Every structure is written in C-alpha cells, then in structure tokens.
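Overview (structure and organization)
The primary structure of each chain is shown beneath.
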Amino acid sequence: VQLVESGGGLVQPGGSLRLSCAASGFTFSSYDMNWYRQAPGKGRELVASISRAGGNTNYADSVKGRFTISRDKAKNTVYLQMNSLKPEDTAVYYCYALRVSHAVTYDYWGQGTQVTVSS
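For every chain, the first residue of the written sequence is number 1, and numbering continues from 1 along that sequence. Restriction of local features to residues with pLDDT of at least 70 applies here, the model being predicted, together with a cutoff of 80 or more for giving and counting side-chain atom pairs; totals for whole chains, interfaces and linings are based on all residues. The side-chain numbers reported here are obtained from all heavy atoms of the structure, hydrogens and water having been left aside.

**Comments concerning the layout of surface pockets**
- There is about 170 Å³ of room inside the largest pocket.
- Think of a 1 Å grid over just the protein atoms. A cavity is a set of points where a 1.4 Å probe fits yet cannot get out, a pocket is an open set with protein on both sides within 12 Å along at least five of seven lines, and lining residues have an atom within 4 Å of a point. Surrounding the largest pocket, 14 residues form its lining, Arg-37, Lys-42, Glu-45, Glu-88 and Asp-89 being those nearest its centre.
- If you list the elements that add at least two residues to the lining of the largest pocket, you get β4 (32–38) and β9 (91–101).
- Under the scheme applied here, ten amino acids are nonpolar (Ala, Val, Leu, Ile, Met, Phe, Trp, Tyr, Cys and Pro), four are charged (Asp, Glu, Lys and Arg), and all others, including Gly, are polar. Looking at the lining of the largest pocket residue by residue, the class counts come to 3 nonpolar, 4 polar and 7 charged. Grid points are joined across faces, edges and corners, and a volume is the space filled by probe spheres set on the points. Helix and strand assignments come from DSSP, with helices taken as H or I runs of at least 4 residues and strands as E runs of at least 2, each series counted from the N terminus.

**Remarks on the pattern of salt bridges**
- For this document, the term salt bridge refers to a Lys or Arg side-chain nitrogen within 4 Å of an Asp or Glu carboxyl oxygen. This model, assessed by the stated rule, comprises 4 salt bridges.
- One salt bridge connects Arg-37 with Glu-45, and the closest N-O pair in it is separated by 2.8 Å.
- For every residue, the accessible area (1.4 Å probe, protein chains only) is compared with the maximum for its type, and the residue is labelled buried under 20%, exposed over 50%, or partly exposed between those bounds. Glu-45 gets classed as partly exposed once you look at its relative accessible area, which sits at 32%.
- Overall, the relative accessible area of 7% leaves Arg-37 in the buried class.

**Description of the side chain of Ser-20**
- With respect to the helices, strands and loops of the structure, Ser-20 is situated in strand β3 (residues 17–24).
- For Ser-20, a relative accessible area of 16% translates into the label buried.
- Dropping the residues within four chain positions of it, Ser-20 is found in contact with Val-4, Glu-5, Ser-6, Trp-35, Thr-77, Val-78 and Tyr-79. Only heavy atoms enter the contact rule, under which two residues are in contact if any of them lie within 4.5 Å.

**Concerning the pairing of strand β7 (residues 67–72)**
- The side-chain alternation of β7 yields one buried face, formed by Phe-67, Ile-69 and Arg-71, and one unburied face, formed by Thr-68, Ser-70 and Asp-72.
- The sheet contact formed by β7 and strand β8 (residues 77–82) spans 6 bridges and is antiparallel. If you follow Arg-71 over to β8, its bridge partner there is Val-78.
- Hairpin connection, β7 to β8: the antiparallel pair is bridged by 4 residues, and Asn-76 has positive phi, about 50°. We call two strands paired when DSSP finds no fewer than two bridges between them.

**So, the environment of Arg-52**
- You can see Arg-52 is positioned in the loop between β5 (44–50) and β6 (57–59).
- As for Arg-52 and Ser-29, which are separated by 23 residues in sequence, their C-alpha atoms are 5.5 Å apart.
- Beyond its immediate sequence surroundings of up to four residues, Arg-52 is in contact with Ser-29, Ser-30, Tyr-31, Asp-32 and Arg-71.

**Focus: the sheet that holds β7**
- Here we have 4 strands laid out as an open sheet, ordered β1-β3-β8-β7, and antiparallel in their pairing. Edge positions in the open sheet fall to β1 (2–6) and β7, since each of these has one partner strand only. Neighbour-to-neighbour, the strand axes of the sheet open up by a mean angle of 15°, direction not taken into account. For every element, the axis is a line fit to its C-alpha atoms; helices are fit only across the contacting stretch, and the angle between N-to-C directions ranges from 0 to 180 degrees.

**Points about the packing of aromatic side chains**
- Only centres within 6.5 Å qualify two rings of Phe, Tyr or Trp (six-membered ring in Trp) as a pair; their planes then separate them into stacked at under 30 degrees, edge-to-face at over 60, and tilted for everything else. If you walk through the whole model with that rule in mind, you get 7 aromatic pairs.
- Taken together, a centroid distance of 6.3 Å and an interplanar angle of 90° make the contact between Tyr-94 and Trp-109 edge-to-face. Placement of Tyr-94 in strand β9 and of Trp-109 in strand β10 (residues 104–109) is noted, with a sequence separation of 15 residues between them.
- You can call Trp-109 partly exposed: its relative accessible area is 38%.
- In textbook terms, an aromatic cluster arises when at least three aromatic residues are bridged by ring pairs, as seen for Tyr-36, Tyr-94, Tyr-96 and Trp-109.
- Only when the NZ of Lys or the CZ of Arg is both within 6 Å of the ring centre and within 35 degrees of the ring normal is a charge said to sit over the ring. A cation sits over an aromatic face here: Arg-44 above Tyr-94, 3.8 Å from the ring centre.

Nothing here speaks to function; it is all geometry.
In structure tokens form, the structure reads like this:
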C-alpha cells in the first residue's frame, strides 16, 4: 500500500499550489480520502475530505472558499487545489485514506509534503 504526495513547495502569499496523492495497493474507490496538515509545534488538523464516490466534500473553516479537494478514479489520485495561500497555511500536508467496514477501520497515511507560504 502506498500513498505518495507531491506538489508541495515554496509559494508567496496569495499564490496557488495543487497537491496530488497517488494511491496504490488498495481499492481506491472504496475509501474516503482526506488531507491533513501539521504546522510546526501544532497537532495534525483535518483540512478537507471527500467521499468514496466524490459526491460529498468537507472543509475546515480556515480553508473554505480557498481550497478544493477532488479525486480521479481513473488515476487513483486525490488532489488539493490551494488558492489564496496565507502564511498560516504553512505545514506538512498528509494524505489519508479511510474505510470503515463492519466496525473495522482500514486506514493509510502518506509520507507528507511540505508547503511553505512566505514572501
């Protein structure tokens, strides 16, 4: 099982980045997909989530209207489009796959990708 994030980097305030998370080794379409982030000295925070079929999305209040989560079933990939970036968006961003079946939790984490918003 692998979740491989990419697309992080250094961007100026107000800029945009698109993160990608390529999944392999499990049935991607059976999992809800999520993006978390962890800033230095802080706990891990749920940023956005998307349901298995992509019909339902949820966002943290801090990113609503600026970030968009999406998934591509054919590519087994989930994306996070981040616009109007702010310095407080600086964090390591993690992809997280989650499935709960018959009270059993199946979940996987990616290794993270660094996003730095700074002038």
